[in-house]
Amino acid sequence: MIPVVTPVEMAAIDASAPEPLDVLIERAGRAVAAAAIDLLGGTYGRVVNVVVGKGNNGADGRVAARRLEARGVKVRVIDAAMRPPVLRRSDLVIDAAYGTGFRGEWIAPEVGDALVLAVDIPSGVDALTGEAGAGVLPADRTITFQALKPGLLLGDGARLAGHIDVADIGLDVSGASQHQVTVDDVAEWWPTRAIDAHKWNGAVKVIGGSPEMPGAAVLASTAAARAGGSLVSLSAPGVTVATPPEIVQRHVAADDFSADALVDIHRFGALVIGPGLGRADEVLMATRACISDATVPVVIDGDGLFASAWSAEGPAPLLRDRELATVLTPHDGEFGVLTGSPPGADRVASVRAAAADLGCTLLLKGQTTIVASPPEAEADPLGGHVWFVTNGDQRLATAGSGDVLAGMIGSALAMGLDADKAAAASAWLHADAANRTPADGLLASDIVDAIPAAIGAIR
Ligand SMILES: NC(=O)C1=CN([C@@H]2O[C@H](COP(=O)(O)OP(=O)(O)OC[C@H]3O[C@@H](n4cnc5c(N)ncnc54)[C@H](O)[C@@H]3O)[C@@H](O)[C@H]2O)[C@@H](O)CC1
Ligand SMILES: Nc1ncnc2c1ncn2[C@@H]1O[C@H](COP(=O)(O)OP(=O)(O)O)[C@@H](O)[C@H]1O
Ligand SMILES: [K+]
């Protein structure tokens, strides 16, 4: 896992560092110079433009400039405030105009075909939110210090940062409450089956689908089975769905189905509820009853989220009353249904606040997936842990892909993973499975088929 800290947290970490700022700046500048030489493939005859601002980001750039000059590189230092609209030709531009202290607007100069190395974050990107104006110079590489910043992982920032390296400059970020998930984390977390396992160890119940939307139930249940669910039972209210033969179907009525659907729930490790259920009043009512009565960890997705919020009191009373883990998997629209408004510019703060308010693990979908746990202590209202999952791409934006993710999380919960790790590891594997498919023409069921290869690769 790679720590992620906000600009405010970084300033506090910096302030409590045992070493003076100029030592940290020297280390940062040295790391930038090393990355520059790596990008340049040498120093002889190379020309580098370094754009420096008046803050510490600029100071990092000046140290790098001095070091590169000492190595024989021809270096031009350009004050950000006095920049010309177009820089003279160079092999590389080091963008050290602004870092975490950026506010307002920034129009970078034109740099021709030079490579671009951003110091800490591409200048002009909001290090908290990832928001950026049109004038930001896209970087080939960003060298950031000690920890990632949320703005490198979210929105425009993720696109503009290029390849990201994290340089150790001797700061202590061990208290970070946010981390990016890596392949090593998933390999460590994802359960393996015991040698004496039987099919009821890790069984998943799915309540989803409807006469109008049977496909969502097929995707969620087959994904649960492919991800390790040893026995997957599907109840699709009012309809028998065409599933692979391995999915056990338990028929339930189109209304008032909660008692029938949950009759043997104690045998299952987790329940996935919502994909494709639809929004008829009687379905929403029965879905709420299932959520409240399920004596297992639950993943609530799609129409299940709508059902949770379908009350004059909102979703909090139903969800807070649950004693076992609950994972909510909204996209931005469903997040709005759950909380009354879509996520704000600071997506992490929005997800943390919702997780705290609802007492659930919350997975917010999007280009970057954010998972937040509810806080452990009441005194720490926004204190839950946060995971960023960044390995997916736009291939995942296809109908049914979220149903697949819900099934995978159900499987992870049934195998005993903690809710936050179940959600984060599933999102990582879901993206990795999609990355194994062709770049165009992806069907959600292709993700299901690629799940075993994705899991196999972490073993
Ligand atoms: N512990 C740390 O966090 C360390 C941080 N370092 C560097 O320090 C940077 C943060 O330094 P600072 O807090 O000085 O912030 P910046 O260097 O990002 O810039 C702050 C200065 O630029 C001005 N400014 C901001 N936006 C502007 C705009 N649009 N137009 C004109 N002026 C603008 C501000 O008023 C302020 O004077 C980090 O990004 C990193 O590069 C390193 O030097 C080493 C240690
Ligand atoms: N541009 C993108 N880059 C990476 N992942 C994406 C992108 N767009 C969507 N996703 C992911 O794809 C999935 C879509 O889920 P969802 O919107 O619920 O789809 P559906 O309702 O059709 O099943 C989520 O896991 C989401 O994080
Ligand atoms: K910068």
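Residues numbered from 1 in each chain as written. Chains lettered and ligands numbered in written order. Predicted model: local features only at pLDDT ≥ 70, side-chain atom pairs only at ≥ 80, totals over all residues. Heavy atoms only, no water.

Where an unreviewed UniProt entry is consulted, the protein appears under the name Bifunctional NAD(P)H-hydrate repair enzyme, with the organism given as Ilumatobacter coccineus. Entered under Subunit (unreviewed entry) in the UniProt record, the comment concerning the protein runs "Homotetramer." (UniProt positions renumbered as here; feature names shortened; annotations may be inferred.)

With parallel pairing, the six strands of this open sheet are ordered in space as 3-2-4-5-6-7. At either margin of the open sheet sits one strand with a lone partner, and together these are strand 3 (74–79) and strand 7 (163–167). The mean inter-strand angle of the sheet, taken between neighbouring strand axes irrespective of direction, is 20°. Direction of pairing for strand 4 (residues 92–96) relative to strand 5 (residues 115–119): parallel, over a ladder of four bridges. By the bridge assignment, Val93 is partnered in strand 5 with Val116. Its contacts with the sheet place helix 2 (residues 21–40) against strand 2 (47–52), strand 4, strand 5, strand 6 (141–145) and strand 7, and it is angled at close to 160° to strand 6. Against the sheet, helix 3 (residues 56–70) makes contact with strand 2, strand 3, strand 4, strand 5 and strand 6, and its axis sits at roughly 160° relative to strand 2, the strand it touches most. (Pairing = 2+ DSSP bridges. Helix = DSSP H or I, 4+ residues; strand = E, 2+ residues; numbered from the N terminus. Axes fitted to C-alpha atoms, helices over the stretch in contact; angles between N-to-C directions. Contact = heavy atoms within 4.5 Å.)

Turning next to unusual backbone geometry. Phi at Asp120 takes a positive value of approximately 70°, unusual for a residue other than glycine. Inspection of the secondary structure puts Asp120 in the loop between strand 5 and strand 6. Phi angles above zero are rare outside glycine, and Gln146 is one such case at about 70°. If you trace the backbone, Gln146 turns up in the loop between strand 6 and helix 4 (150–153).

This next bit is on the site of ligand 1. In the neighbourhood of ligand 1, 20 residues make up the surrounding shell, with Asn57, Asp60, Gly99, Arg103 and Asp120 lying closest. Between ligand 1 and the protein, one listed contact pairs an oxygen atom with a side-chain N or O atom of Asn57 at 2.7 Å. At a separation of 3.0 Å, an oxygen atom of ligand 1 approaches a polar backbone atom of Gly101. The fraction of the free accessible surface of ligand 1 (870 Å²) that becomes covered by protein chains is 77%. Element by element, the count of residues in the shell around ligand 1 is highest for helix 3, at three residues. For the shell around ligand 1, the class distribution of residues is eight nonpolar, six polar and six charged. (Near = heavy atom within 4 Å. Polar contact = N/O pair within 3.5 Å; in protein donor to acceptor, adjacent residues only side chain to side chain. Areas by Shrake-Rupley, 256 points an atom, 1.4 Å probe, with all protein chains shown as cover. Nonpolar A, V, L, I, M, F, W, Y, C, P; charged D, E, K, R; others polar.)

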